[in-house]
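As a plain string of letters, each chain reads:
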Amino acid sequence: MSQRPSSRWHLIPRLALGLPLLATAAFAQSETTDEVYVMDPFTITAEQDTGYTASNSIAGTRTNTPIREIPMNIQVFTKDLSDDLVMGSQLEMTRYNSALINGGADVHSSNDIQQAHQQFIFRGFRQNWGLRDGVRTYDPIDSQGLARVEVVKGPAAALYGVTYPGGVINSVTKQVDFFNSFTEVRLMGASEGEWRATIDANAVNDSKIGKVGVRFNGAKTESRDYRDHSKGKVDYQLVNVGWIPVEGTKIQFTAEQGYREKPNGLGFFTIGGTGAGAEVPLQIHHPEIPWEWNWAVDNMRSSEVDYYRADITQSVGDNFSVTAYYQYLRRTNVDSDGWDANGNTGAAAGWDLGWSASRGGNVTGWLNPNTPQERIALQYHYRHWENANNALGATAVYRLDMGGINNTFTAGAHTWNEKFNSKKATQPGDSPNLIYFPVQAGIDLRLPTGPPADYFWDRPGNERENSANTYYFVTWQMSALDNRLRTNVGVNRTDLNLKLLNKTGEDPNSYWEKVNETKEDQWSPMIGGMFDITEEISLFALYSTSLFPNTDKNDFMEQMPPIEGKSYEVGAKIEMMDGKLSGTLSYYIIEQSGGTQTDPNAENLDTRMWDSMTPEQRELEFPGQSRMDLAGDYVPGGTQEAKGIEADLVYSPNANWQMVLSLAHTDQETTEAIDSSLEGLSVEGLIENQIAFLTKYTFTEGAAEGLSLGLGGKWADEKLIGYYDGVARYNPSTFYLEGFATYRFDLMGLDAMVQLNAKNITSQDDFVGWVDTGNASVIATERYKVPTEPRYSLTFGVDF
């Protein structure tokens, strides 16, 4: 019997949503009117974008503002980019911004279950989540539900309260298109057997109660890649309802449900070698076992999301608008549900198996290599996380013109609260019911269904976390001197509260006990300005800050400070050659301080007790120990610094040809720490230099009319994996290339398309383990290479 939380898919029956909307969309084609609808300042849509170029952003100011007029470095991933490259979620789009490193990503799968914890690196700093329509979100969002993704580089606490120092990624959800009714259907098949079907149906009509629109987006995917046992799936539905009862008033409701799953265990087994730090893969010891083999059988990792949001926007005249929203999101992330061979390798559920060691030992994975007792052991394991959060807020914007000085004032208040809990279960490590397989070619992993008899829940280990943050912000945008001088000034007040609770006993009815509470508040300013030195070139400068809560307390229950960032950035925005060349170039310095570090000499409760004791009492209480052995505690964290140069450019030499270029150079290091050996070291996962590009040419006449050809790729410098005895170890540099060809044509009066995509054209190697040097005094610094192959897909679509 599965231990998964019960599914909630009955809340939105799939066919009840999809089929009526298709009919409605088709009917409404003749009902669309030419009435002019004025966009409110809080809305931005994919229809405002041209190819890969976006002229406006909502993330940089919280209102729809031309990017050219914002003194910040902002890049937008458009829907066209996502469609051309057949991207599964917003995480795949990060390949085309060189300031971003999606560490821990499964590059061979379009089915991302969750962003790898703290493996996303933005301008040299780790972060763990992004924004969706301005509100915190954790999970990949199916690209079928997204209008665009906006990247705001650098700290942005003045706009969003709790943020990371590297920047924010804001995913913008599709909304009702009040201008057109349409239906778009796509069916994709890939060379490894993956397939995907999507639909986007929008219906809008005038009625006696105003303009009403309904939009449905759905996606169904069976994911596969070149690895054995890689089959997964995605089910996704998004419904938008919009109503404009009178001019100036808009009401919207959004409901989304998504489920995705993919097997655990698609990686590699490794074992130590003779050389210092060597890690030798199973396939090196056993060449008869192919790299595609893995133990990913009967253990699914999954994510299920229910998302509901209601918005109302009211405009009064041309100068004042206010919007308010309420949002509810519930997510369940099952990290492991079945037979597990991770051992303590740190895969999806690996850390929990270490916990089971305290109940009898943990002996799973690849055991006793190169001996007669060599085998692979699996034990049954379950772990899930559940989050339920509510968010609500309001934002108002007022425009005031004062004799050549144009002012825009934006103010808002927002609150977000979340309840989080986790649950885990497994077998004792010495259980007689563990499963063992021999290590040999053609290993057949046939596993029993359901948990074994000695499977048990860890009730005392259940954790629950209740957290909340409320923030208030005010920003002022000003333009003067015929719009040559522009400023963007803001301040944010954020109040944080977090409670950590644990079960008090084995009884499932036992109450939750608060074991830690964190309360913090902080002011976060932002000051930016830009000046047009010519009609084509503007210079900008920005000071901004970030804030992130810290739950750590020392032995005396003294709260450690929050993690704060501050950034100084200067740059230029260009729009040259009659708008054919546009983009941003910038240089930044970001400093992160606060948080927690460990001081091995710090006082704690044990040292205080030691100081109050006689020598005889010390020997009884701390036998064989000295005061130095007892010392050590949390202290406020040190500082880290990142410096970098970035350029994001779009060049369109003519109406048919578009090129996008993104490059970044990032230096990041610890500048101050209690442990001086850490100073000068960089964050693990850092890539100092990256260049990404994408180009597309569309034929609009002649024999090739309707054909588009595109090519994109990314070169990445060597990647810092970590340090071994002070020696830095890296992945080699990589070069990824993909291309596409799209042909649009008329099919019995319908707009049709067929698209061929080729991914990983360069057959970029994967890297695993560390090549054995054969000498215990020589540190292993080279990685084993895993060969890969290109992946092809064909998409057919019709629009009506």
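Bear in mind the structure is a predicted one, so any value in this text is a computation, not a measurement. (Residues numbered from 1 in each chain as written. Predicted model: local features only at pLDDT ≥ 70, side-chain atom pairs only at ≥ 80, totals over all residues. Heavy atoms only, no water.)

**Q** Hey, could you run me through the overall build of the protein in this one?
**A** Scanning the protein for helices and strands turns up 9 helices and 43 strands. Across the 800 residues of the protein, 54% fall into the buried class. Put simply, 69% of the contacts in the protein that link residues at least 6 apart link residues at least 24 apart. As displayed, the protein offers around 33900 Å² of accessible surface, 56% of which is attributable to carbon and sulfur atoms. (Helix = DSSP H or I, 4+ residues; strand = E, 2+ residues; numbered from the N terminus. Buried < 20%, exposed > 50% of the residue type's maximum accessible area, 1.4 Å probe, protein only. Contact = heavy atoms within 4.5 Å. Areas by Shrake-Rupley, 256 points an atom, 1.4 Å probe, with all protein chains shown as cover.)

**Q** Teacher, can you tell me more about unusual backbone geometry here?
**A** Keep in mind that most residues, glycine aside, have a negative phi and that most peptide bonds are trans. At Val 86, a residue that is not glycine, the phi angle is positive and equals roughly 50°. Position of Val 86 among the secondary structure elements: in the loop between α2 (79-84) and α3 (90-93). Look at Met 577: it is not a glycine, yet its phi comes out positive at around 55°. Looking at the secondary structure, you find Met 577 in the loop between β29 (563-576) and β30 (581-594). Residue classification places Met 577 among the partly exposed positions, given a relative accessible area of 41%.

**Q** Help me understand the nonpolar core, please; the structure alone is not making it clear to me.
**A** One recurring pattern in soluble globular proteins: nonpolar side chains tend to sit buried together. Grouped together as the largest cluster of nonpolar side chains are 30 residues, with contacts concentrated most on Met 72, Ile 74, Trp 129, Val 152, Tyr 160, Val 168 and Met 526. Elements supplying a minimum of two residues to this core: β3 (74-78), α4 (157-160), β25 (463-480) and β28 (537-548). Counting residues per element, this core draws most heavily on α4, which supplies 4 residues. Setting aside chain neighbours within four positions, we find Met 526 in contact with Met 72, Ala 158, Leu 159, Asn 488, Val 489, Gly 490, Leu 542, Tyr 543 and Ser 544. Core analysis: the second largest hydrophobic core is formed by 21 residues, Leu 85, Val 650, Leu 694 and Phe 740 among them. (Core = buried A, V, L, I, M, F, W, Y, C linked by side-chain atoms within 4.5 Å.)

**Q** Is there a simple way to explain a negative patch on the surface in this structure?
**A** On the surface, a cluster of negative charge is contributed by Asp 667, Glu 669, Glu 688 and Glu 718. With respect to the helices and strands, the residue Asp 667 is situated in strand β34 (residues 657-672). Overall, the relative accessible area of 36% leaves Asp 667 in the partly exposed class. (Patch = residues over 30% accessible without salt bridge, like charges linked within 9 Å, V, L, I, M, F, W, Y side chains within 5 Å. Salt bridge = Lys/Arg side-chain N within 4 Å of Asp/Glu carboxyl O. Lys, Arg positive; Asp, Glu negative; His and termini not counted. Charge placed at Lys NZ, Arg CZ, Asp CG, Glu CD.)

**Q** I keep staring at a nonpolar patch on the surface and nothing clicks. Help me out?
**A** Taken together, Val 316, Phe 320, Tyr 398, Phe 409 and Trp 476 make up a surface patch of nonpolar side chains, about 440 Å² in accessible area. Structurally, Phe 320 is set in strand β19 (residues 320-340). Judged by relative accessible area, which is 32%, Phe 320 ranks as partly exposed.

**Q** Please explain the sheet that holds strand β9 (residues 146-153) as it appears in this structure.
**A** By definition, the strands of a sheet pair up through backbone hydrogen bonds, in either a parallel or an antiparallel sense. With respect to topology, 5 strands assemble into an open sheet ordered β3-β9-β10-β7-β8, the strand pairing being mixed. Strands with a single pairing partner mark the edges of an open sheet, and in this sheet they are β3 and β8 (135-137). The average undirected angle you get between the axes of adjacent strands in this sheet is 30°. In terms of strand pairing, strand β7 (residues 130-132) meets strand β10 (residues 167-173) through 2 bridges, oriented parallel. Among the inter-strand pairings, Arg 132 is bridged to a residue of β10, identified as Ser 171. (Pairing = 2+ DSSP bridges. Axes fitted to C-alpha atoms, helices over the stretch in contact; angles between N-to-C directions.)

**Q** I keep staring at the sheet that holds strand β5 (residues 120-122) and nothing clicks. Help me out?
**A** With antiparallel pairing, 3 strands are arranged side by side in an open sheet as β4-β5-β6. The two strands at the open ends of the sheet, each matched to only one other strand, are β4 (100-102) and β6 (125-127). Strand-to-strand twist of the sheet, defined as the mean angle between neighbouring strand axes without regard to direction, takes the value 25°. Both β5 and β6 contribute to a ladder of 3 bridges, which runs antiparallel. Counterpart to Phe 122 in the pairing with β6 is Phe 125.

**Q** Sorry if this is basic, but what is going on with empty space enclosed by the protein here?
**A** Where empty space is left can be seen by rolling a probe of water-molecule size over the atoms. By the definition in use, this model includes 8 cavities of 30 Å³ or more. Of the pockets and cavities examined, the largest cavity occupies roughly 500 Å³. Around the largest cavity, the lining comprises 25 residues; the ones closest to its centre are Phe 42, Ile 58, Asp 133, Arg 309 and Asp 311. Of all the secondary structure elements, the ones that give two or more residues to the lining of the largest cavity are β10, β15 (249-263), β18 (300-316) and β19. Top element by residues in the lining of the largest cavity is β18. It accounts for 4 residues. (1 Å grid on protein atoms, 1.4 Å probe; cavity = no way out; pocket = protein on both sides within 12 Å on 5 of 7 lines; lining within 4 Å. Points joined across faces, edges and corners; volume = space filled by probe spheres on them.)

**Q** Looking at this structure, I do not really get the pattern of salt bridges. What am I missing?
**A** A side chain of one charge can pair with a side chain of the opposite charge when the charged atoms of the two come close. Within this structure, the stated rule accounts for 35 salt bridges. Linking Glu 194 and Arg 791 is a salt bridge whose minimum nitrogen-to-oxygen distance equals 3.0 Å. Note that Glu 194 is positioned in the loop between β11 (182-190) and β12 (195-207) and Arg 791 in strand β43 (residues 791-799), a separation of 597 residues in sequence. Across the pair, Arg 791 and Glu 194 agree in class, each one buried.

**Q** For this particular structure, what's the right way to read the side chain of His 414?
**A** You can see His 414 is positioned in strand β22 (residues 405-426). Polar contacts involving the side chain of His 414 include one to the side chain of Tyr 325, which spans 3.1 Å. At 3.1 Å, the side chain of His 414 and the side chain of Thr 395 are in polar contact. (Polar contact = N/O pair within 3.5 Å; in protein donor to acceptor, adjacent residues only side chain to side chain.)

**Q** Is there a simple way to think about the pairing of β18 in this case?
**A** Successive residues of a regular strand alternate their side chains across the two faces of the sheet. The pairing of β15 with β18 spans 15 bridges and is classified as antiparallel. Bridge pairing links Pro 263 to Met 300 in β18. Examined bridge by bridge, β18 and β19 share 15 bridges and lie antiparallel to one another. Opposite Glu 304, over in β19, you have Thr 332 as the bridge partner.

**Q** When you look at the packing of aromatic side chains in this model, what are you seeing that I'm missing?
**A** The tally for this structure, following the rule as stated, stands at 11 aromatic pairs. Considering the side-chain rings of Trp 385 and Phe 420, the 5.7 Å spacing of their centres and the 25° angle between planes classify their relative orientation as stacked. With Trp 385 in strand β21 (residues 375-402) and Phe 420 in strand β22, the pair connects residues that are 35 residues apart, well separated along the chain. Here the two residues Trp 385 and Phe 420 agree in accessibility, since each one is buried. Measuring from ring centre to ring centre gives 6.3 Å for Trp 657 and Tyr 697, while their planes differ by 75°; the resulting arrangement is edge-to-face. With Trp 657 in strand β34 and Tyr 697 in strand β35 (residues 689-698), the pair connects residues that are 40 residues apart, well separated along the chain. Using a relative accessible area of 28% as the deciding quantity, one classes Tyr 697 as partly exposed. Each residue in the set Trp 657, Tyr 697 and Phe 699 is aromatic and connected to the rest through ring pairs, giving one cluster. The ring of Trp 770 carries the charged tip of Arg 729 above its face, separated from the ring centre by 4.0 Å. (Phe/Tyr/Trp six-rings, centres within 6.5 Å; stacked < 30°, edge-to-face > 60°. Lys NZ or Arg CZ within 6 Å of the ring centre and 35° of its normal.)

**Q** How do you make sense of the environment of Met 188 when you look at a structure like this?
**A** Here Met 188 lies in strand β11. Assessed through its relative accessible area of 7%, Met 188 is described here as buried.

**Q** Help me understand the side chain of Ser 546, please; the structure alone is not making it clear to me.
**A** Within the element layout of this structure, Ser 546 appears in strand β28. Classification of Ser 546 as buried rests on a relative accessible area of 4%. In this structure, Ser 546 is in contact with Pro 155, Ala 157, Thr 163, Tyr 164, Pro 165, Ile 563, Glu 564 and Gly 565, ignoring residues within four places of it in sequence.

**Q** So what exactly am I meant to see when it comes to the pairing of β30 here?
**A** The pairing of β29 with β30 spans 14 bridges and is classified as antiparallel. Each residue of the ladder has a partner; that of Tyr 568, found in β30, is Ile 589. Hairpin geometry of β29 and β30 is characterised by an intervening segment of 4 residues between the two adjacent antiparallel strands and by a positive phi of about 55° at Met 577. In terms of strand pairing, β30 meets strand β33 (residues 639-654) through 13 bridges, oriented antiparallel. Each residue of the ladder has a partner; that of Ile 590, found in β33, is Ala 642.

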